[in-house]
Amino acid sequence: MSALARKIGRTPAETQLWEEFLGKLFAAEGAQEEAALTSTLRSLAEELEEEPLAAKIAALAAELPEFPATRVFQLALKACGEKRREQEETLSHLRQMLAELATPIIRIWTDMLLVAMIGNIDSQRAQDIAERLLNRVSSTRAKVVIVDVTGVPMIDTVVGGFLIEMFNATRLLGAEVILTGIKPEVAHTLVKLGVDFQTVSIARDLEDALRRGIALTMEETRKRRELALSLAKSGVGENDERGAF
């Protein structure tokens, strides 16, 4: 088995894996042995691509008359499938991390969030941003959301439509939206394309957006205090009337 492993292995590590695999293959069968075989095949799949792995399994089948080719190919498919699923999960996780880094959602003031968009935005990325923002608004109970598109080179009708949907959904959650950072050329294009942002407040720059956002949050705080005082006074009046009787 060692000579055969050295024959098909191109590196010492691969040769050792083939030797382990062949030793386990002709051991007693059972669930434990099958798991060990799958684990070794998984290691081989990480050393080789799927096609070279399949070719070397076929070469072993040609060298060994007693080689259980069907069983080994089934286990190899299982090992490659597990590897592919883990790679897809890792890739999905990395994409999520990249999306969070590319479009941070920061709490910059009491009840206020800042969404800083950077780079090109396609429909998929716009959808991801919308989902993250709505979840953040709901969890933080934010009252104001500032969306800064200074770092976005171009906004077309598709992206503009997604942004409007995101703004409307944010307003439905009880948060006001302030849009800032629109470049002159982007504004000209949006007007020509008929994209309408009248449902949101437009600020000249981030400083103006922060000023408006703070004013909105302070106004909201004032209204809450007035309501609390009104309810407190109403409660005192009712208690006085009840005492008079």
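Preceding block: the structure.
Parameters and conventions
- Residues numbered from 1 in each chain as written.
- Predicted model: local features only at pLDDT ≥ 70, side-chain atom pairs only at ≥ 80, totals over all residues.
- Heavy atoms only, no water.
- Pairing = 2+ DSSP bridges.
- Helix = DSSP H or I, 4+ residues; strand = E, 2+ residues; numbered from the N terminus.
- Axes fitted to C-alpha atoms, helices over the stretch in contact; angles between N-to-C directions.
- Patch = residues over 30% accessible without salt bridge, like charges linked within 9 Å, V, L, I, M, F, W, Y side chains within 5 Å.
- Areas by Shrake-Rupley, 256 points an atom, 1.4 Å probe, with all protein chains shown as cover.
- Salt bridge = Lys/Arg side-chain N within 4 Å of Asp/Glu carboxyl O.
- Buried < 20%, exposed > 50% of the residue type's maximum accessible area, 1.4 Å probe, protein only.
- Contact = heavy atoms within 4.5 Å.
- Core = buried A, V, L, I, M, F, W, Y, C linked by side-chain atoms within 4.5 Å.
- Right-handed = clockwise from strand over helix to strand, strands pointing away.
- Parallel < 35°, antiparallel > 145°, perpendicular 65-115°, else oblique.
- Left-handed = near helix turned anticlockwise from the far one by under 90°.
- Nonpolar A, V, L, I, M, F, W, Y, C, P; charged D, E, K, R; others polar.

### Side note on the sheet that holds strand β4 (residues 176-180)
Pairing is mixed across the open sheet formed by five strands, whose spatial order is β1-β2-β3-β4-β5. Of all strands in the sheet, those with a lone pairing partner are β1 (105-109) and β5 (201-203), marking the two edges. Pairs of neighbouring strands in the sheet enclose a mean axial angle of 30°, with direction left out of account. Relative to β5, β4 runs parallel, the two sharing three bridges. Counterpart to I178 in the pairing with β5 is S201.

### As for a nonpolar patch on the surface
Where nonpolar side chains cluster on the molecular surface, the patch consists of I106, I108 and W109 and spans about 260 Å² of accessible area. Here W109 is to be found in strand β1. Residue W109 is classed as partly exposed on the basis of its relative accessible area, which comes to 41%.

### A closer look at the environment of L44
Counting through the fold element by element, L44 comes out in helix α3 (residues 31-47). For L44, a relative accessible area of 0% corresponds to the buried category. Leaving out residues up to four positions away in the same chain, L44 has contacts with E14, L17, W18, F21 and L53.

### A short note on the nonpolar core
One finds M117, V147, F167 and F197 to be the most contacted residues of the largest nonpolar core, which totals 29 residues. Of all the secondary-structure elements, those providing two or more residues to this core are β2 (112-118), α6 (123-140), β3 (144-151), α7 (157-172), β4 and α8 (184-193). Aside from chain neighbours lying at most four places away, what touches F197 is G160, L163, I164, F167, L179, L190 and I202. Counting residues in hydrophobic clusters, the runner-up holds 23 residues, among them L48, L64, V72 and C80.

### Digging into the pairing of β3
Within β3, six of the eight residues are buried, which leaves it mostly tucked inside the rest of the structure. Note: β2 against β3, six bridges, orientation parallel. By the bridge assignment for β3, V115 is matched with V147. With α6 bridging β2 and its parallel neighbour β3, the resulting β-α-β unit is right-handed. As paired strands, β3 and β4 are joined by five bridges and run parallel to one another. Bridge assignment links D148 to a residue of β4, and that residue is T180.

### Concerning the packing of helix α2 (residues 12-25) against helix α4 (residues 50-63)
Following both chains from N to C, one finds α2 and α4 inclined at 50°, their axes separated by 13 Å at the closest point. Regarding the angle of α2 to α4, the classification is oblique. Crossing of α2 over α4 shows right-handed handedness. On α4, the residues touching E14, W18 and L22 of α2 are L53, K56, I57 and L60. Residue composition of the contact of α2 with α4, by class: five nonpolar, no polar and two charged.

Taken by themselves, the reported measurements are silent on function.
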